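# Secondary and tertiary structure notes
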Amino acid sequence: MSDVALPSYSIFSRAQKLVVLLLASFAATFSPLSSFIFFPAIDDLSQSLHVSVGRVNLTVTSYMIVAGLAPAILGDLADNIGRRLIYLFMMSVYCVANISLALQSNWTAIFLLRMVQSVGSAATIAIGYGVVSDISPPSERGSFVSGLVLGPNIATAIGPILGGALTSYLGWPWIFWFLSILSGACLFLIALLLPETARPIVGNGSGKATGLRRTIVSYIRDSTRSPSRNLTDEASSEPAMLADGHVKGSLRLPNPLKSLKLLWVKDTALITLIFGFFYMNLCALQASTSTLFIAVYGISGIKLGLVYLPSGIGSCIGAYCAGTLIDYDYRVTARKNNVEVNLRVGDDLVNFPIEKARFRSIWQVISAGTISLVGYGWSMQFQVNMAVPLILHFIIGLSTAVTFNMCGTLLVDLHPKSPSTAQAANSIVRAFLAGAGTALVQLLIDSIGIGWTFTVFGALGMGCLGFAWLEWSCGKGWRDEVSGRGVER
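The sections below set out a description of the structure shown in this document.

Reading the values: the criteria
- Residues numbered from 1 in each chain as written.
- Predicted model: local features only at pLDDT ≥ 70, side-chain atom pairs only at ≥ 80, totals over all residues.
- Heavy atoms only, no water.
- Salt bridge = Lys/Arg side-chain N within 4 Å of Asp/Glu carboxyl O.
- Helix = DSSP H or I, 4+ residues; strand = E, 2+ residues; numbered from the N terminus.
- Buried < 20%, exposed > 50% of the residue type's maximum accessible area, 1.4 Å probe, protein only.
- Polar contact = N/O pair within 3.5 Å; in protein donor to acceptor, adjacent residues only side chain to side chain.
- Contact = heavy atoms within 4.5 Å.

Let us now look at the pattern of salt bridges. Taken as a whole and judged by the stated rule, the model has nine salt bridges. Two residues, Arg358 and Asp413, come together in a salt bridge whose shortest N-O distance is 2.5 Å. Pair noted here: Arg358 is in helix H17 (residues 354–358) and Asp413 is in helix H19 (residues 387–414), with a separation of 55 residues, a long-range link. You can call Asp413 buried: its relative accessible area is 7%. A salt bridge links Asp480 to Lys476; the nearest nitrogen and oxygen atoms lie 2.9 Å apart. Taken as a pair, Asp480 and Lys476 lie in helix H22 (residues 464–484) at a separation of four residues, close to a single helical turn. Among the residues examined, Asp480 registers a relative accessible area of 36% and is labelled partly exposed. Via salt bridges that share partners, Asp79, Arg83 and Asp134 belong to a single interconnected network.

Right, let's get into the side chain of Thr370. Of note, Thr370 is situated in helix H18 (residues 362–381). In this structure Thr370 comes out as buried when scored by relative accessible area, which is 2%. A distance of 2.9 Å separates a polar atom in the side chain of Thr370 from the backbone oxygen of Ile366. Every residue in contact with Thr370, bar those within four places of it in the chain, is listed here: Phe278, Gly458, Gly461 and Met462.

Here's what the structure looks like:
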């Protein structure tokens, strides 16, 4: 069958894809923003609530634990009933949770409400990856993933600055008032503009959405049409056809164990471990930054928020450049394997060494990030000029963002039928490792010193080179084994 006879991978126009990507990126911003805007307020919150810094850090840990569990349910549900309904639910919960947090003055209430807040924000990145899989063919997926994670990376850059400024000038409750206002705006825009993209629901976008799956704009547009045209549209409301030609299935209950089962698949496990260890290192770094810079350099207030800026800028640059690098590596690998890239229909990845394409440049990135992390620890230990740890923060942020993009893109490639569920599995590993990292980092610093603490974290990061090599060399064979058993991912 010629390419002309095959349907387009997605019927959404370039402008529509841009709107969808911007809204998905906006929603995904709240997952890291909820943590990074909170870090500069840890000391102030400790004094305000009359509890130790360690107890305040437990609210970070509680947030991350739920961040690992919630996507297992919401990710699978989004793959089943669609992205839009889950976005509306999450943003509503998140907005209400932030209003409640802003009104609290009790540690236990804040501890519990941070869990509710996490329910509303934790799965936004996982579902965003699902949206990327819905609208972008493999050859362009790297750039789309970079667009998706640009919002979260901007959040890591400006979150601490906003947190420091709001805490210094208005008080820590205004962190949550700000988040409630911002999430309310996001909820409104999603209700107004975000179409349903899930391929089991609308196929390549040609299937008809109904009820809450339709945007407010679409209802307004239809109200201006003639009644005869609306009847014609209703009459053509057929079940969406999937890429393989089958009609979408019926509604089923979400299965949180589906994400856990994916962690037993070799390639998925390795990718999530790489992502998880790098996220753990980043969270351990950021959670300890304010305390360390206060102790070592005596800075506070808005200046403390600015300390997080180099890492955030590095993350933004890394996220932006990673898309170009990932797509370039894909084209190079395609040429080596005599594969013609098809932007309209999308490429068949069954016999394509996608693992080698996505991890072609990961070796240098992992090495740069982990060496910089170790160097950061010892620069703080010996109290060198502040410029040194800040430059290392930049390199760590840049390399971490690129690593995230490479791993996230490959995970979507390997799970085309359940991308949000796969990212939920990633969230489970990432959240629990990050929770462990933030809980242990201060204990390690107190017991073995700053230098050795980040040497330990750096060694764990360097171990990811071994995981990447296994996936690069054996991933195609493992993928063939799964396919040979008739398992669809």
